[in-house]
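So the chains spell out like this:
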Amino acid sequence: MSIPQSGGGLIESQDQLAEYLASGCKPVDAWRIGTEHEKFGYSLSDRLPLPYEGKASILTMLSGLRDRFGWEPVEEAGKLIGLQKDGANVSLEPGGQLELSGAPLRTIHETCDEVNAHLREVKVIADEVGAAFIGLGATPEWTAEEMPVMPKGRYALMTRYMRQVGSHGTQMMYRTCTVQVNLDFASEADMVKKFRASLALQPVATALFASSPFFEGAVNGWQSWRARIWRDTDPARTGMLPFVFEDGMGFERYVDYALDVPMYFVYRDGRYIDALGQSFRDFLDGRLPALPGEKPTLSDWADHLTTIFPEVRIKKFMEMRGADAGPWRRLCALPALWVGLLYDGAALDGAWDLAKGWSADERDQLRHDAAKDGLRATMPDGRPLRDFARDLLKVAEAGLKARAMSGAGGLMPDETHFLNALHEVVESGQTQADEMLARYRGEWNGKLAPLYAEYSY
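Criteria and cut-off values
Residues numbered from 1 in each chain as written. Predicted model: local features only at pLDDT ≥ 70, side-chain atom pairs only at ≥ 80, totals over all residues. Heavy atoms only, no water. Core = buried A, V, L, I, M, F, W, Y, C linked by side-chain atoms within 4.5 Å. Buried < 20%, exposed > 50% of the residue type's maximum accessible area, 1.4 Å probe, protein only. Helix = DSSP H or I, 4+ residues; strand = E, 2+ residues; numbered from the N terminus. Contact = heavy atoms within 4.5 Å. Expected span 1.5 Å × (residues − 1). Arc of directions from axis to C-beta. Polar contact = N/O pair within 3.5 Å; in protein donor to acceptor, adjacent residues only side chain to side chain.

**Examining the nonpolar core**
Then step 1. If you look at the biggest cluster of nonpolar residues, it comprises 93 residues, and the most contacted ones within it are Phe195, Leu208, Tyr254, Trp301, Leu337, Trp338 and Leu385.
Then step 2. It is helix α6 (residues 188-208) that contributes the most residues to this core, 11 residues altogether.
Then step 3. The contacts of Trp338, once residues within four sequence positions are left out, are Val181, Leu183, Ser198, Leu201, Gln202, Ala205, Met320 and Tyr343.
Then step 4. By size, the runner-up hydrophobic cluster in this structure holds 64 residues, among which are Tyr155, Tyr161, Phe215 and Tyr440.

This is how it looks when you write it as structure tokens:
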């Protein structure tokens, strides 16, 4: 989850809201890649989630990273709740999921090095305190009662609200993990083109990265239970956004959508003020019940944008949000997929050509089917998703070759090898969810205990 925003003056006209989004436009040579990934921490002694405080805890993890590796602390109400260094952040999700929000970097080589360095640091501290971390889309065994609650005011408000809307909101908050990549756009037209292609194709990423077939100790019947959870979290702020594909889509149209999403909070003087269900439109008019007579700043708008959770969202950049967390190779594969598809003009055209004929109903059905059946889902044209994914990976590979971003001192001519993990998924026909289910029904003898040793970092 995002940290509170700061800066930005008073909003004097609604035009500033679209201008805020448009200020993210960058020339191609300034485009960057920001990889974010979450992971579950647990105690080696009992395989239960790490509490905030204690010997094996989130606090000891954050303190160890701060003291041993030079991270600067981020505190809220006197509690250590995050870290920052060199443009990157380590933050906490509501149930103690540890998240790296990486710095904006030029190549996937760099972002993968960053991920690997972070995981090495985490392992050093975890080994010392008797903890470990695992990358899965959802907790395989832990119940709601077993999940800790992190000391962040934002999450207390969200938890209350999630119990009033949808049916799976608190599951999303406390018991899921994702990997995502944040990417840039050059102009409003470029944003719209990327938004449409990536939103339509997001279910394919959901299938390729599916890693959550277990929940509360049992097979749940879905390849990605995380994606299933999102379907019943809060319909006002999630989903496939049909308006993105309509005429007139642009920054202003997204602003209209965001203004109609109910608020969570306003951040003032180090605390979160309850604005649950209230309207940002009223805030613009000085009629927000939480702060009567007060008008918002641009940082309030930036905060509000972080409380919207569609499968792709925009702030001053675009976020790809459809994938389960997974092992380290797939953490690097996720940015490779989307950079390959979106950062080369010919590849972007090719990606959109594959998806442009789908209706809103077909896109939503694919979102459901990809989460449920993974590579065995059926595309709108009747093809197996697995075959479609193979074609999509060819487009992504061509896009990475065209970028020709070398790494390892020139030994790697481009970034295409980061797609190898996904090629293996498609050629084998086995997602991580499939692999785990096969082992559960075979060598694990219906037990989930071996999963931790096999899939932890």
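There's more to say after this.
**Notes on the side chain of Arg321**
Then step 1. Inspection of the secondary structure assignment puts Arg321 in strand β15 (residues 318-324).
Then step 2. Assessed through its relative accessible area of 13%, Arg321 is described here as buried.
Then step 3. Sequence-distant contacts of Arg321, that is, excluding residues within four places in its chain, are made with Thr178, Gln180, Gln202, Arg226, Trp230, Phe309, Pro310, Glu311 and Arg313.

**Some remarks on helix α14 (residues 385-403)**
Then step 1. Given a rise of 1.5 Å per residue, 19 residues ought to cover 27 Å, and the 27 Å separating the end C-alpha atoms of α14 matches this to within 8%.
Then step 2. Every buried residue of α14 is accounted for by Leu385, Phe388, Ala389, Leu392, Leu393, Val395, Ala396, Gly399, Leu400 and Arg403. On an axial view of α14, the arc spanned by its buried residues comes to 165°, and they lie on one face. Facing away from the buried side of α14, by more than 90 degrees, are the exposed residues Lys394 and Lys401.
Then step 3. At the exit of α14 stands Ala404, carrying a positive phi of roughly 50°.

**Some points on the environment of Arg383**
Then step 1. With respect to the helices and strands, the residue Arg383 is situated in the loop between α13 (360-373) and α14.
Then step 2. Separated by 351 residues in the primary sequence, Arg383 and Arg32 place their C-alpha atoms 34 Å from one another.
Then step 3. Polar side-chain contacts of Arg383 include one of 2.6 Å to the side chain of Asp391.

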